[in-house]
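Descriptive analysis of the structure
In case you want the letters, here they are:
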Amino acid sequence: MSAQPAFRTLSLGAGVQSTTLFFLAAEGRIPRPDVAIFADTGWEPAAVYAHLDRIEREIAQPAGIPILRVTVGDIRADALDPAHKFVSMPTFTIGPCQVCIPRGTLGSVFNLTAEIDGKEYTDYTGVCPRCKGRGTQHGMGQRQCTPEYKIRPIKKKVRELLGYPHPMSIPADVHAEQQVGFSRDELGRVKDSGLRYLRSVFPLLSLEGAADGRQGWTRADCRRYLKAHGWESTPRSACVGCPFRGNREWREMRDERPAEWADAVAFDHALRAIPRADGIREYLHASRVPLDEAPIGRVTSHEWKSRQTDIFGQIADAELELGNPDGCGPWACRSGAAA
Ligand code: SF4
Ligand SMILES: [Zn+2]
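Residues numbered from 1 in each chain as written. Chains lettered and ligands numbered in written order. Predicted model: local features only at pLDDT ≥ 70, side-chain atom pairs only at ≥ 80, totals over all residues. Heavy atoms only, no water.

**Describing the overall build of the protein chain**
Check the secondary structure of the protein chain and you find nine helices and twelve strands. For the protein chain, with 339 residues in total, the buried portion stands at 49%. Taking as baseline every contact in the protein chain between residues at least 6 positions apart, the subset at least 24 positions apart corresponds to 67%. Of the roughly 16000 Å² of accessible surface on the protein chain, 52% is carried by carbon and sulfur atoms. (Helix = DSSP H or I, 4+ residues; strand = E, 2+ residues; numbered from the N terminus. Buried < 20%, exposed > 50% of the residue type's maximum accessible area, 1.4 Å probe, protein only. Contact = heavy atoms within 4.5 Å. Areas by Shrake-Rupley, 256 points an atom, 1.4 Å probe, with all protein chains shown as cover.)

This is how it looks when you write it as structure tokens:
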């Protein structure tokens, strides 16, 4: 494998860390990328597109680093199109109980011998251990949207730039280097692309000058740096209807960006209007009620407690309220579990 990359790309999610990375590259503090690539799901908030335009105007063009916007389609339209291959977003679901319903005994089981949710049952008869008699169970859509809408178009573009579009095989000594804006507080999520022809590097992790004196910048260091350059308004990059949002974010959308809120509410309703053979209903909010009826207001800690056990299941109240601050990047959707 050649030590020298054919070219260097910067993975631009347009959030805090990757915007910082772009600035540092333009300032010459990290190796200069030949291009930056932004994967567009087609459903980012208006503020993200405006931010991207500003990066292009004020950083990319003066520095002579082109931003390539790549896409495989509009995630919102695809998710609601019954003819489109199933788009799996990380929605909160309610579906038929997979223990008692297939056995034809709604809410109960007879002579059950199986392991259910980590517990062994031998010849058990009684209330269904999965659904506790309700006949339904909660789940989550398996997130395929990040690989499909963010990683796939980036891979395609990198192959093109290398001169080996799919399905050509790429020689072992040809690769590109990709700068990814992981900060030190995200160390658990740092990972390579898994592609031999696209090797990731994480320049924020080796920077000096962090507020706590340690090596590598945190998200807070990035924010401080952006603020010093007049970019404190860097928005969170995530699809308008991404279910990985805390209540605070939903409230902000409802109160400050009513058009986006109306769009998300309409999408949430439309999800359940799609005919589905498996009987599963999808929701954007963790409470699994329609978004415009979901309990997104501020609540007392006592209410948190009862809500956690009553409706929200396993979701920690801090996450329910605050969500994840960083949005969705191609190489680790920072909202929720790693892809
Ligand atoms: S922001 Fe959410 S919906 Fe959009 S690609 Fe990432 S995980 Fe999927
Ligand atoms: Zn059941």
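**Things to note about the environment of Cys145**
Within the secondary structure, Cys145 is located in helix α4 (residues 145-162). Classification of Cys145 as buried rests on a relative accessible area of 10%. With near-sequence residues (within four places) excluded, Cys145 lies in contact with Ile75, Ser88, Met89, Pro90 and Lys150.

**Section: the nonpolar core**
Among the nonpolar cores identified, the biggest contains 29 residues, and Leu12, Phe22, Ile67 and Trp217 are the most heavily contacted of them. Examining the composition of this core, we find that seven residues originate from one element, helix α2 (residues 46-63), more than from any other. Ignoring sequence-local partners within four residues, the contact set of Leu12 consists of Ser18, Phe22, Ala36, Ile37, Phe38, Ala39, Leu52, Ile55 and Ile67. Within the second largest apolar cluster, 23 residues are counted, among which are Ala238, Val265, Phe267 and Leu284. (Core = buried A, V, L, I, M, F, W, Y, C linked by side-chain atoms within 4.5 Å.)

**What about the side chain of Asp221?**
Mapped onto the elements, Asp221 comes out in helix α5 (residues 219-228). In this structure the side chain of Asp221 is engaged in a polar contact, spanning 2.9 Å, whose partner is the backbone nitrogen of Ala211. Residues in contact with Asp221, not counting those within four places in the same chain, are Arg184, Ala210, Ala211 and Gly216. (Polar contact = N/O pair within 3.5 Å; in protein donor to acceptor, adjacent residues only side chain to side chain.)

**Overview of the sheet that holds strand β10 (residues 281-283)**
An order of β7-β4-β10 is seen for the three strands of this open sheet, with the pairing classed as antiparallel. Only two strands of the sheet have a single neighbouring strand rather than two, namely β7 (136-140) and β10. Along the sheet, successive strands turn relative to each other by an average axial angle of 25 degrees, direction set aside. By the bridge criterion, three bridges tie strand β4 (residues 92-96) to β10 in an arrangement that is antiparallel. When the sheet's bridge partners are listed, Phe92 is paired in β10 with Tyr283. (Pairing = 2+ DSSP bridges. Axes fitted to C-alpha atoms, helices over the stretch in contact; angles between N-to-C directions.)

**Concerning the site of ligand 1**
Around ligand 1 lies a shell of nine residues, among which Arg143, Cys145, Cys239, Cys242 and Cys328 are the nearest. For the shell around ligand 1, the class distribution of residues is seven nonpolar, one polar and one charged. (Near = heavy atom within 4 Å. Nonpolar A, V, L, I, M, F, W, Y, C, P; charged D, E, K, R; others polar.)

**Some words on the packing of helix α1 (residues 16-26) against α5**
Contact geometry for α1 and α5: axes closest at 9 Å, N-to-C directions at 55 degrees. Accordingly, the angle class assigned to the pair α1 and α5 is oblique. Helix-helix and strand crossings are classified by hand; for α1 and α5 the assignment is left-handed. Residues Val16, Gln17, Thr19, Thr20, Phe23 and Leu24 of α1 lie in contact with α5, whose contacting residues are Arg219, Cys222, Arg223, Tyr225 and Leu226. (Parallel < 35°, antiparallel > 145°, perpendicular 65-115°, else oblique. Left-handed = near helix turned anticlockwise from the far one by under 90°.)

**Points about the confidence of the model for the protein chain**
Residues with a pLDDT of 70 or more make up 88% of the protein chain, whose mean pLDDT is 88. Considering each helix and strand of the protein chain separately, the mean pLDDT is smallest for helix α8 (residues 301-312), with a value of 50, and largest for strand β3 (residues 67-70), with 98. Counting contacts from residues 309-314, a segment whose pLDDT is below 50, to residues more than four positions away or on other chains yields eleven contacts. With pLDDT under 50 throughout, residues 334-339 is counted as low confidence; its partners more than four residues away or in other chains account for 25 contacts. (pLDDT = per-residue confidence, 0-100.)

**A look at α4**
When the terminal C-alpha atoms of α4 are compared, their 25 Å separation across 18 residues agrees well with the 26 Å that a helix rising 1.5 Å per residue should span. At Ile151, α4 shows its largest bend, some 35 degrees, and a proline, Pro153, comes one to four positions later. Among the residues of α4, Cys145, Thr146, Tyr149, Lys150, Ile151, Pro153, Ile154, Val158, Arg159 and Leu162 are the ones counted as buried. (Expected span 1.5 Å × (residues − 1). Bend = angle between axes of the 7 residues up to and from the residue.)

**Let's talk about the coordination of the zinc ion (ligand 2)**
At 2.2 to 2.3 Å from the zinc ion (ligand 2) lie its protein donor atoms, namely Cys97 (SG), Cys100 (SG), Cys128 (SG) and Cys131 (SG). Coordination at the zinc ion (ligand 2) comes from four donor atoms whose angles at the metal span 104 to 116 degrees, giving a geometry best classed as tetrahedral. (Donors = N, O, S within 2.8 Å, 3.2 Å for Na, K, Ca; no water. Tetrahedral: all angles 85-135°; square planar, octahedral: opposite > 155°, others 65-115°.)

**Focus on the sheet that holds strand β9 (residues 198-201)**
The sheet built from five strands is open, its strands ordered β3-β2-β1-β8-β9 with parallel pairing. Looking along the sheet, the strands with just one partner apiece sit at the ends: β3 and β9. The mean inter-strand angle of the sheet, taken between neighbouring strand axes irrespective of direction, is 30 degrees. Packing against the sheet, α1 makes contact with β1 (8-11), β2 (35-39), β3 and β8 (176-179), and its axis sits at approximately 145 degrees to β1. The strands touched by α2 are β2 and β3; relative to β3, the strand with the most contacts, the crossing angle is about 155 degrees.

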